[in-house]
Amino acid sequence: MGDDMSPEQARAALDRASRLSERIGEAGARWIRVGKWVMAAIFASATLTWGFVEPLALRTVLTLSVVAAAVAWAFVWARADRAVGRARPRRRLWEFDLTALVFLVVVLAGDAVEVDGHALTGAAWYWIPAALAVAAPLSVSAFRTRRP
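Residues numbered from 1 in each chain as written. Predicted model: local features only at pLDDT ≥ 70, side-chain atom pairs only at ≥ 80, totals over all residues. Heavy atoms only, no water.

What follows is about unusual backbone geometry. A cis amide bond, omega -10°, links Glu54 with the succeeding residue Pro55. Relative to the elements of secondary structure, Pro55 occurs in the loop between helix 1 (7-52) and helix 2 (56-80). (Helix = DSSP H or I, 4+ residues; strand = E, 2+ residues; numbered from the N terminus.)

Put into structure tokens, the structure is as follows:
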């Protein structure tokens with residue numbers, strides 16, 4: 001019975017385990033915030049690319065490239081997130097759905113509307129606030145990600 005622990009050793013081991021668990025939780029929350037910030041920046045840059053690049057073919061190719069970067073980042077983010085695959089309740093990530101919806105509305109509105117007979121392509125007064133609006137759901141979610 002040489003492997004028995006004293007109550008003091010058991011308490012010390014439990015304290016160390018508790019501190020380690022807190023540090024892991026903090027690192028996970030930090031990684032979630034970083035991931036959301038990067039996705040917000042990617043969606044904002046896709047919006048700006050769509051709004052400022054001419055001609056239409058180049059605009060489409062570049063915007064699709066930025067969206068492909070979002071997909072690539074999602075794979076990197078999920079692969080590096082050690083919490084993925086753990087048993088935890090699955091819930092829908094509303095901020096990604098809302099960001100995609102706002103992106104589509106902004107792009108469709110920007111292409112459909114003409115002001116004084118001119119299209120909104122290149123109109124900084126529209127596309128810069130639009131990019132901020134697209135990034136807002138993920139940015140708010142990143143701020144609200146709770147710290148363990």
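Now that the structure has been shown, the text picks up again.
Bringing the pattern of salt bridges into the picture now. Inspection of every chain in the model, using the stated rule, returns three salt bridges. The partner of Lys36 in a salt bridge is Glu95, with the nearest N and O atoms 3.2 Å apart. With Lys36 in helix 1 and Glu95 in helix 3 (residues 94-112), this pair connects stretches of sequence that are 59 residues apart. Notably, a salt bridge pairs Asp111 with Arg59, separated by 3.5 Å at the nearest N-O pair. Residue Asp111 is located in helix 3, and its partner Arg59 is located in helix 2; the two are separated by 52 residues in the primary sequence. (Salt bridge = Lys/Arg side-chain N within 4 Å of Asp/Glu carboxyl O.)

Our focus in this paragraph is the side chain of Ser139. Within the secondary structure, Ser139 sits in helix 4 (residues 124-144). Polar side-chain contacts of Ser139 include one of 2.8 Å to the backbone oxygen of Ala135. If we ignore the near neighbours within four places in the chain, the residues touching Ser139 are Trp37 and Ala40. (Polar contact = N/O pair within 3.5 Å; in protein donor to acceptor, adjacent residues only side chain to side chain. Contact = heavy atoms within 4.5 Å.)

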